[in-house]
Amino acid sequence: MPKPPESSKLPVWFDCDTGIDDTLALGQLVAQPDTHLVGISTVSGNTSAAQAAQNTLDLLALLGRDDVPVAVGAHDPLVGVYAGGAPHVHGGNGVGDVELPRATRTVESANGVEALIGAARAHAGELHLVAVGPLTNLALALREEPELRTLVSHVTIMGGAVWALGNITEHAEANIGNDAEAARIVLTAGWPITLVPLDVTMTHFLEVEAQAALAARGGDFRTALAGMLDCYLGFHETRYGKRVSALHDPMATMLATGTVKASTLQSVGIDVALEGETRGRTVAVEPSPQHPAVAVVTAIEDPVADRLLEALLTL
Ligand code: RIB
Ligand code: CA
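An account of the accompanying structure is given in this report. Every chain is numbered on its own, with residues counted from 1 as its sequence reads. As they are written, the chains are lettered A onward and the ligands numbered 1 onward, keeping that order. Where totals are concerned, whole chains, interfaces and linings use all residues; where local detail is concerned, this predicted model gives features only for residues with pLDDT of at least 70, and gives and counts side-chain atom pairs only at 80 or more. By convention in this description, side-chain values take in all heavy atoms of the structure and omit both hydrogens and water.

**Observations regarding the side chain of glutamate 145**
Logical step 1: Helix and strand labels come from DSSP, where a helix needs a run of H or I of at least four residues and a strand needs a run of E of at least two; each type is numbered from the N terminus. Inspection of the secondary structure assignment puts glutamate 145 in the loop between helix 5 (136-144) and helix 6 (148-151).
Logical step 2: Non-local contacts of glutamate 145, meaning those with residues more than four positions away in its chain, are made with Ile117, Arg121 and Leu151. By the convention used here, residues are in contact when the closest approach between their heavy atoms is within 4.5 Å.

**Re the site of ligand 1**
Logical step 1: We call a residue near a given molecule or strand whenever any one of its heavy atoms falls within 4 Å of it. Contacts to ligand 1 come from Asp17, Asp21, Asp22, Asn46, Val132, Met158, Asn167, Glu173, Ala174, Asn175, His248 and Asp249.
Logical step 2: In the model, an oxygen atom of ligand 1 is placed 3.0 Å from a nitrogen or oxygen of the aspartate 22 side chain.
Logical step 3: Between an oxygen atom of ligand 1 and a main-chain N or O atom of valine 132, the distance comes to 2.8 Å.
Logical step 4: Here ligand 1 has 280 Å² of accessible area as a free molecule, and 96% of this is covered by the chains.
Logical step 5: Amino acid classes used here: Ala, Val, Leu, Ile, Met, Phe, Trp, Tyr, Cys and Pro are nonpolar; Asp, Glu, Lys and Arg are charged; the rest, including Gly, are polar. Of the residues that constitute the shell around ligand 1, the class distribution is 3 nonpolar, 4 polar and 5 charged. Polar contact is the term for a pair of N or O atoms within 3.5 Å; when the atoms are in protein, one must be able to donate a hydrogen and the other to accept it, and sequence-neighboring residues count only if both atoms are side-chain atoms. Accessible areas in this description were obtained via Shrake-Rupley with a 1.4 Å probe; residue shielding takes into account the shown protein chains only.

**Quick word on the packing of helix 5 against helix 8 (residues 180-187)**
The axes of two packed helices give the description: the angle between them and the distance between them.
Logical step 1: An axis is simply a line fitted to the C-alpha atoms; with a helix, the fit covers only the stretch in contact. Between two such axes, the angle follows the N-to-C directions and lies from 0 to 180 degrees. Put simply, helix 5 and helix 8 touch, their axes get as near as 8 Å, and they point 55° apart. In terms of orientation, helix 5 and helix 8 fall into the oblique class. Seen from above, helix 5 lies across helix 8 with left-handed handedness. Residues Thr136, Leu138, Ala139, Leu142 and Arg143 of helix 5 pack against Ala182, Ile185 and Val186 of helix 8.
Logical step 2: The class makeup of the residues in the contact of helix 5 with helix 8 is 6 nonpolar, 1 polar and 1 charged. Any angle that is under 35 degrees is reported as roughly parallel, and any over 145 degrees as roughly antiparallel; angles of 65 to 115 degrees are reported as roughly perpendicular and all others as oblique. Should the near helix be turned counterclockwise from the far one by less than a right angle, the crossing is left-handed, whereas a clockwise turn marks it as right-handed.

**Remarks on the pairing of strand 6 (residues 193-196)**
Logical step 1: Side chains Ile193 and Leu195 of strand 6 all project onto a buried face; the interleaved residues Thr194 and Val196 project onto the opposite face, where all are buried too.
Logical step 2: Any two strands are treated as partners once DSSP identifies two or more bridges connecting them. Judged from the 4 bridges that link them, strand 5 (residues 152-158) and strand 6 form a sheet pairing that is parallel. The residue of strand 6 that forms the bridge with methionine 158 is valine 196.
Logical step 3: In terms of strand pairing, strand 6 meets strand 11 (residues 294-299) through 2 bridges, oriented parallel. What sits directly across from threonine 194, in strand 11, is alanine 295. For every residue, the accessible area (1.4 Å probe, protein chains only) is compared with the maximum for its type, and the residue is labelled buried under 20%, exposed over 50%, or partly exposed between those bounds.

**A look at the sheet that holds strand 6**
Backbone hydrogen bonds hold the strands of a sheet together, and the pairing may be parallel or antiparallel.
Logical step 1: Strand order across the open sheet formed by 9 strands is 3-2-1-4-5-6-11-9-10, with mixed pairing between neighbours. Each of the sheet's edge strands pairs with one partner strand only, and the pair in question is strand 3 (70-72) and strand 10 (282-285). Ignoring strand direction, the axes of neighbouring strands in this sheet form an average angle of 30°.
Logical step 2: Relative to strand 5, strand 4 (residues 127-131) runs parallel, the two sharing 5 bridges. The partner of leucine 129 across the bridge, within strand 5, is valine 155.
Logical step 3: Lying over the sheet, helix 2 (residues 49-62) contacts strand 1 (10-16), strand 2 (35-42) and strand 3, oriented at roughly 170° with respect to strand 3.

Here it is, written out as structure tokens:
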């Protein structure tokens, strides 16, 4: 089957904190034949921005995609300093302590914020931005280039817990809670946003059978991924009593690329709590100029885990 030309594909910029579920999302994006992965910026979250970039370079090498530029974005959130990641969830190196073979190339000389802005200008009005880490890079890019709101055609964000409980505190989800100030800027910027919060990402799971299928099919990327999933499944077993993997980040990329569709969306404004014990909470409010409408995904009927596994088995 001939490949579709690059110009007919959906141009996507991926901002991430690679991360085990970020790796699932990266694999899904690479597997998607009608997506042009324009570039990747990293941010501190699951691990540091620099380690996330190294992980991303190494994973892209395993995927045979050394052509995708990777740029290191913000190390610290807008206020305060990087808190040290989530080694209990993603291992000490962000990829479940799996030792990936080192890529032969290095990161871009431009930082992640500059690289993102450059890509948005180069694909003006067309670029789809998918953010699956803390929103620091997006907030800095909006500050640097206010036109980003219109240069980018759509923003899909994995983050928040709108009507559900948080995962780093009772109120806050990790991507929002790790940089609440940035989240408030990005979620109230008045650009077209689809928000993919825990409300929906905790409703579909990859099971141990899928991990076994990835390992059985083999190949460098799938073998590494199956090893990484040991760590992630172990965390979910300890926290939730079931050896499964939540599908936070791949759900965002699958929605962005049209691989699955939202079956329920709520159009609300989103306020981000900055103070006290509710810091990082994403609060649904009546849309207004201060809180422009955001499309919040609350249900997906499509079989997300099956579609993801199908995609990963094609790599
Ligand atoms: O809360 C889940 C999110 O936090 C995911 O994006 C995960 O990779 C971490 O960044
Ligand atoms: Ca992530």
